[in-house]
Amino acid sequence: MSLVADVIASVRSKGGEKAGKPGTGGQLEELVKRAEEAREAVCQTLGSRYDSLAMVVHDTAHLHHRVANALEDLTSLHNSIEQEVVYGLEGSVGEVGGVVRRWREVVGGLEAASTLLTIHTLLDEAHQAELEYEFLKTAQNLAQVEKLLEDASEKDVEGQLDLLSTLQEEMLVRRTQLVYTIGEVWSETITWEEERLADGSRSVTLVVQAVKVESKEDGLHKLQQMLGALHMLGELQRRVTALGKNLMNHIFKPIINDAAKVKATDRSDGYSVQVTVPASTKEKTPASTVFVHLTQVLRILHSALLCVNIEADEGEISLMQLLGKQLGQEFTEVLIKDCLAEAVPCSRAQLEDYEEVKRDTQKFQDFLIDIGFYGPDNKSIIEYAANVDVVFSNKACAHLLERARDLMTRPVHVTVTVTPLEPEGPLIIQDETGKKLEKSSMRLEKLLAAKTFNLPKCQISASVCELVELIYETMEEACTSAPPYAGRLVYTVRNILMLYCQVVPTAHSHALSTLPQQAAVIHNNSMYLAHHALLLGHQYKHRLPQALRDNTITTVDLAQQLRIMATSTFLKAMQGHRGSVIDTLRESAGIDMIGCDTSAVNKAEQGMRQCLHQLQLLHRVWQHVLPHTVYTKAMSTLVGSVVEEVVTRVVSLEDISADSALALINLLNLLKDNIPPLFQVEGEAKTSPGDVVRHVRLWGKFCELIIILGASLHDILDRWSDGKGPLAHEFTPDEAKQLIRALFQNTSRRAQVLASIK
């Protein structure tokens, strides 16, 4: 009979008398002594093993047996006390209470000892499981140890705090060791090899090593063990993230963007996927080929590794699903942007070929859902591919703008000549249907001629001809398209014209500031576009879809913007040429000094000839490029600036000797003789001196100045003719007096002439 049975028998024999107290107390003290010895032995043994690292003195299994027996005896005693002892000792409540408290302390100590033994057993089993590559069991045991240590730390058991701290450190060491071991196995399972080939291409190989087991089922079990342990340790997400990043950078993106070649191999030790990126990529890989390569890679990865299921918080999930959650969004964005968007055609003629791309996209979408990379509700890539109307119109319009911008940035020096039509007869007036009207109520009919909308003869860039052709091709396509797409095309034409105003001045800024021909050609190009913009809406208004006819479809407003851009660009170039010519005259400084120093004549003549050379250069460059009227106005402006500068400088001289006057006459005649040929254009009517007077501002004043420099006082007075002669017409009284004072000495005759000029 056990000690507990003896205690119960003693209590029953004594009934409720207090004489039974010493026997029960003695037996309880003996039981407490045994429990204390067992607890101290457990603490001493585990302490020497995990704290002082001494040899194990007692067998832990024997200690576990002793603790278990003591706990069993205490449990029996507890039940007996509740059933019989309490009723037999009603008069000894206080004393029994003390016994019970002592008993509870002993129970707490023995439970703590049992917990320590359980922790020790779990750690031993975890170590053994790790040696046998049972990583999931190891992780589970360590998780149980962590939970037991947390519970034990909440109980204040004397003498066990140091031991708990030691066991906590031991658990962390085991955990760290497990993470390292699984990391080594993961690295052996998935390896990356990169190689640079002799032709400049780059090869990346992903090798998935097979687990060395007898059957495929055992291999999957081993993988599940490894992945499950990583998940329990909180390391799986980090590993999947690193794997997804490498797959994206070294396999998926090269296949999509760089026309990489894929070679999948089933080897004896596992599987390998080799991706070779060529040194240079000229063309994009077709979408169908990209889908084939991606399917090949994902199928190998799925069968070799990513099909393994693990137990997660939300239930069972495969590694492929985890990879899809981590990588799916970025993968979709790259696939749409760099593959599907490129596959969308730019013209309606290619839409039939796009149907095959849609079918291949649907197959690839279904494959991704089947393997778990996409969720069942993820339809992102097929929705993009199927929404071809919006995608196509965006792509087509963007392609048109891209082509237009390429034409705008081409060099403009390759030119062609535009010649106007030569219509005969009066202006033909038509109604909205194109029917000729014999009579019209238009008030402008009498003011317009058949040549009103003719563009004058000039040279324009070959690139702007292609740009206009592109505009008309776009409008023709709009006439045969559905209303939504036709509207997009019409507004794309407007965008092309607006883009021209922004791109050309910036793209050709250097040429505009340095080359006279470039500014003239760009001026003509802009006027040519403005000419077509003026009539574009009228030409196509009744050919566009009915839904667009009710709206105002016009580009007339853009014609004005193009004209402003043309004139501002050419005027800016003109200001540069004018400044250069005037600076040449001013830097020579001969005219300022010629009045008192005839030796400055050569310097003044040199400056005049340089100025004429610049004007003659512009004449050669512009005469066949600009329209005749524009050329005449441009050259008249520059010549007028030169003449004004010369007249101002001569009139401002305070003293002009006879020799100096003669030198000035020769110098001014040099300019006078070389100016008229500047207005003569090959193929046009010959220019007369009268034409120069009509075009050049101050030309009459310039010619009158030459006469005055060689005239006498009598001649000057005759040409003044009481303020009615040619001198009075060109010069003010103050200017005439200034010339007389500079040319003639102070005599009574000069005074009379000066007095008569009023």
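Anything mentioned here points back to the structure above.
Residues numbered from 1 in each chain as written. Predicted model: local features only at pLDDT ≥ 70, side-chain atom pairs only at ≥ 80, totals over all residues. Heavy atoms only, no water.

### Considerations on the environment of P345
Thinking step 1. Counting through the fold element by element, P345 comes out in the loop between α10 (319–343) and α11 (351–371).
Thinking step 2. The exposure class of P345 is buried, given its relative accessible area of 5%.
Thinking step 3. Distance in space between the C-alpha atoms of P345 and S393 is 9.4 Å, their sequence separation being 48 residues.
Thinking step 4. Among residues more than four places away in sequence, those in contact with P345 are Q350, L351, Y354, F392 and K395. (Helix = DSSP H or I, 4+ residues; strand = E, 2+ residues; numbered from the N terminus. Buried < 20%, exposed > 50% of the residue type's maximum accessible area, 1.4 Å probe, protein only. Contact = heavy atoms within 4.5 Å.)

### Focus on the side chain of T474
Thinking step 1. With respect to the helices and strands, T474 occurs in helix α14 (residues 462–479).
Thinking step 2. Given a relative accessible area of 2%, T474 falls into the buried group.
Thinking step 3. When near neighbours in sequence (up to four residues on either side) are disregarded, T474 contacts L400, L489 and V493.

### Examining the pairing of strand β4 (residues 270–277)
Thinking step 1. Pairing of strand β2 (residues 202–209) with β4, which is carried by 8 bridges, proceeds in the antiparallel orientation. Each residue of the ladder has a partner; that of L206, found in β4, is V273. (Pairing = 2+ DSSP bridges.)

### Here's the deal with the packing of helix α9 (residues 287–306) against α11
Thinking step 1. Between α9 and α11, whose axes approach to 10 Å, the crossing angle comes to 15 degrees. Overall, the two elements α9 and α11 adopt an arrangement that is roughly parallel. α9 and α11 meet at a crossing whose hand is left-handed. Residues A287, S288, F291, L294, T295, L298, R299 and H302 of α9 pack against V357, D360, T361, F364, F367, L368 and I371 of α11.
Thinking step 2. Among the residues making up the contact of α9 with α11, the classes are represented as 9 nonpolar, 4 polar and 2 charged. (Axes fitted to C-alpha atoms, helices over the stretch in contact; angles between N-to-C directions. Parallel < 35°, antiparallel > 145°, perpendicular 65-115°, else oblique. Left-handed = near helix turned anticlockwise from the far one by under 90°. Nonpolar A, V, L, I, M, F, W, Y, C, P; charged D, E, K, R; others polar.)

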